[in-house]
Amino acid sequence: MENQLLNYYKKYNISPERQNIENLSVHFEKRKKLYRQCGIPEIAFRNADILEVGPGGGYNTLAFFHWGCKHADLVEANPQGVRDMQDLFAKQHIPVDRYHIFECLIENYNTNQKYDIIVAEGFLPIIDNQEEVIVKLQSLLNERGIIVITCVDKIGVFVERIKRLIGILLTQDIMVYEDKVKYLTGIFEPQLKKLRGVSKLPEDWVKDNMLNPAVHVGKEFTLSHAIQFFESDFDILGSSPHMFTDYSWSKDIWYDYKKDYLGQFNKKRLSFLLANMPEVILPVDEANILINYFKDMTDLEAEYEKTFEADKLNEIIKLMRSADELIDRNLEEGFIKVFREIKEILLYLYKGDNIEMENYPHFFAAFGRTQQYISFVKK
Ligand SMILES: C[S@@+](CC[C@H](N)C(=O)[O-])C[C@H]1O[C@@H](n2cnc3c(N)ncnc32)[C@H](O)[C@@H]1O
């Protein structure tokens, strides 16, 4: 099966996963927080046998060594990612007997070993064969082992996809890839600076989010899909954002908390719209109408990229107008301001006018909760 993400990385010899790790202890704290939200304390990594799939340049892997894992097997199919990882580990003086890098697809990785912890962050949503890969990962897990995966939601990427639409439109006459990257980095670097905690290099953010054709490839892979893929032989440990509550009595071990979580997911999903947005909880019917609006707008963005047909912009504007009343009624002021600015920007672009993103301060500083992480433990 074609892996468009890898085709793209290989075409340009890139592994756009580099992070600013000048302050390593801050980097480790960020990783610790992610796993704490996922219900995994640092001590769980001590002496653990770990499999990481798609580690890219290995920046996140450093935390496992720091927390005292026994050994890490790293399956990375991108040659540039493998080179970056080797350089990084050498620079960080990671002893070579603590890890093994396998330069291959996870689909082709064969071993009799089972792992205590499997981490597969940032790639399931952008491949076509999610189910096949998940079954494979499940088969490699020890009894009572832990697995962490990443989901992407069309609600969480809405703001980013509008930024992408603008970026693609502004660079449609630039033919050389590196020139596009440079131009867009100039535009988006100041925007990324507004988001506290960003560690990815702006240039790599542009390559991975603004110019990566694979973002439109995979089937939507939400937290809800993930929960349904991991059936009765797995328990949910936690998620980031930490969005699920469970009021069931601890002794009621028969309680179907997964069903409850799936219900909560639909009601709370619009909270992904902005990274710093307070929780939104809506009645399911109302939430579903809004969710469909955002999905349709995100799908139209993907279509616009293929054709550059102004009609697609107009269709997005029309959907935004139809959703206006529902958004004003249900969502908080911060998002309403962003939404208004997006509408104005798209209207200008539709008319063929130029825009300056600095003139839209709310949209300028806005980012969605683009990725969600969830962890499971094998019963
Ligand atoms: C978006 S990056 C995520 C990097 C890192 N895990 C993170 O979360 O920052 C996805 C990584 O998965 C790798 N990858 C994609 N498909 C793969 C596959 N089928 N098997 C192994 N690695 C794969 C890519 O080469 C890339 O390094």
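Just above, that's the structure.
Parameters at a glance
Residues numbered from 1 in each chain as written. Predicted model: local features only at pLDDT ≥ 70, side-chain atom pairs only at ≥ 80, totals over all residues. Heavy atoms only, no water. Axes fitted to C-alpha atoms, helices over the stretch in contact; angles between N-to-C directions. Helix = DSSP H or I, 4+ residues; strand = E, 2+ residues; numbered from the N terminus. Parallel < 35°, antiparallel > 145°, perpendicular 65-115°, else oblique. Left-handed = near helix turned anticlockwise from the far one by under 90°. Contact = heavy atoms within 4.5 Å. Nonpolar A, V, L, I, M, F, W, Y, C, P; charged D, E, K, R; others polar. Near = heavy atom within 4 Å. Polar contact = N/O pair within 3.5 Å; in protein donor to acceptor, adjacent residues only side chain to side chain. Areas by Shrake-Rupley, 256 points an atom, 1.4 Å probe, with all protein chains shown as cover. Pairing = 2+ DSSP bridges. Buried < 20%, exposed > 50% of the residue type's maximum accessible area, 1.4 Å probe, protein only. Salt bridge = Lys/Arg side-chain N within 4 Å of Asp/Glu carboxyl O. Phe/Tyr/Trp six-rings, centres within 6.5 Å; stacked < 30°, edge-to-face > 60°. Lys NZ or Arg CZ within 6 Å of the ring centre and 35° of its normal.

Novice: It is not clear to me how the packing of helix 6 (residues 158-170) against helix 7 (residues 177-192) should be interpreted in this structure. Could you clarify?
Specialist: Describing two packed helices takes the angle between their axes plus the distance from one axis to the other. Taken N-terminus to C-terminus, the directions of helix 6 and helix 7 make an angle of 150°; their axes are 10 Å apart at the nearest point. With respect to each other, helix 6 and helix 7 are oriented roughly antiparallel. Seen from above, helix 6 lies across helix 7 with right-handed handedness. On helix 7, the residues touching Lys163, Gly167 and Leu170 of helix 6 are Tyr183, Leu184, Ile187, Phe188 and Gln191. When grouped by side-chain class, the residues that make up the contact of helix 6 with helix 7 number five nonpolar, two polar and one charged.

Novice: Sorry, what's going on with the site of the ligand here?
Specialist: Around the ligand, a shell composed of 20 residues is seen, among which Gly54, Glu76, Ile106, Glu107 and Glu121 lie nearest. A distance of 3.1 Å separates a nitrogen atom of the ligand from a polar atom in the side chain of Asn3. A distance of 2.9 Å is found between a nitrogen atom of the ligand and a backbone nitrogen or oxygen belonging to Ile106. Here the ligand, which alone exposes 600 Å², has 94% of that area covered by the protein. Per element, the largest residue contribution to the shell around the ligand is three residues, and it comes from helix 1 (residues 4-11). Classifying every residue of the shell around the ligand by side-chain character gives nine nonpolar, six polar and five charged.

Novice: Please clarify how the sheet that holds strand 1 (residues 49-53) should be interpreted in this entry.
Specialist: To summarise the sheet geometry, strands pair through backbone hydrogen bonds and adopt either a parallel or an antiparallel arrangement. Strand order in the open sheet made by the seven strands is 3-2-1-4-5-7-6, with mixed pairing throughout. What marks the edges here is a single partner per strand, and that holds for strand 3 (99-102) and strand 6 (234-240). Taken over all neighbouring pairs, the strand axes of this sheet differ in orientation by 15° on average, direction set aside. Direction of pairing for strand 4 (residues 115-120) relative to strand 5 (residues 141-152): parallel, over a ladder of five bridges.

Novice: Help me out: how do you make sense of the environment of Val280 in this one?
Specialist: Along the chain, the position of Val280 falls in the loop between helix 10 (257-268) and helix 11 (284-307). We classify Val280 as buried; its relative accessible area is 7%. With 147 residues separating them in the primary sequence, Val280 and Val133 have C-alpha atoms 32 Å apart. If we skip the residues at most four places from it in the chain, Val280 touches Lys267, Lys268, Leu270, Ser271, Asn330 and Leu331.

Novice: Mind showing me how you'd approach the pattern of salt bridges here?
Specialist: When the charged atoms of two side chains lie near each other, side chains of opposite charge can form a pair. Enumeration according to the criterion identifies 21 salt bridges in this entry. With its nearest N and O atoms 3.6 Å apart, the salt bridge here joins Glu29 to Lys32. A residue pair is termed a helical-turn pair when its members lie 3 or 4 positions apart in one helix, as Glu29 and Lys32 do in helix 2 (residues 24-37) at three residues. Looking at Lys32, the relative accessible area reads 33%, which means it is partly exposed. Lys32 serves as the salt-bridge partner of Glu42, at 3.6 Å between the closest nitrogen and oxygen. Residue Glu42 is located in the loop between helix 2 and strand 1, and its partner Lys32 is located in helix 2; the two are separated by 10 residues in the primary sequence. Here Glu42 falls in the partly exposed class, since its relative accessible area comes to 35%. Here the salt bridges do not stand alone but share partners, grouping Arg18, Glu203, Asp204 and Lys207 into one network.

Novice: Help me out: how do you make sense of the pairing of strand 6 in this one?
Specialist: Every other side chain in a regular strand lies on the same face of the sheet, so the side chains alternate between the two faces. Here strand 6 lies mainly inside the structure; five of its seven residues are buried. The sheet contact formed by strand 6 and strand 7 (residues 371-378) spans six bridges and is antiparallel. Directly across from Phe234, in strand 7, lies its bridge partner Lys378.

Novice: Just to check I follow, could you spell out the packing of aromatic side chains for this structure?
Specialist: Between two aromatic rings, the relevant description is the distance of the centres plus the angle of the planes. Summed over all chains, the structure comprises 28 aromatic pairs. Where Trp205 meets Phe367, the ring centres are 5.9 Å apart and the plane angle is 80°; that geometry is what we call edge-to-face. Of the two residues, Trp205 is situated in helix 8 (residues 202-210) and Phe367 in the loop between helix 14 (361-364) and strand 7; the sequence distance between them amounts to 162 residues. Its relative accessible area of 5% is what places Phe367 among the buried residues. Lys163 extends its terminal NZ or CZ atom over the ring of Phe363, reaching a point 4.6 Å from the ring centre. Cation over ring: Lys163 sits above Phe367, and NZ or CZ is 4.5 Å from the ring centre.

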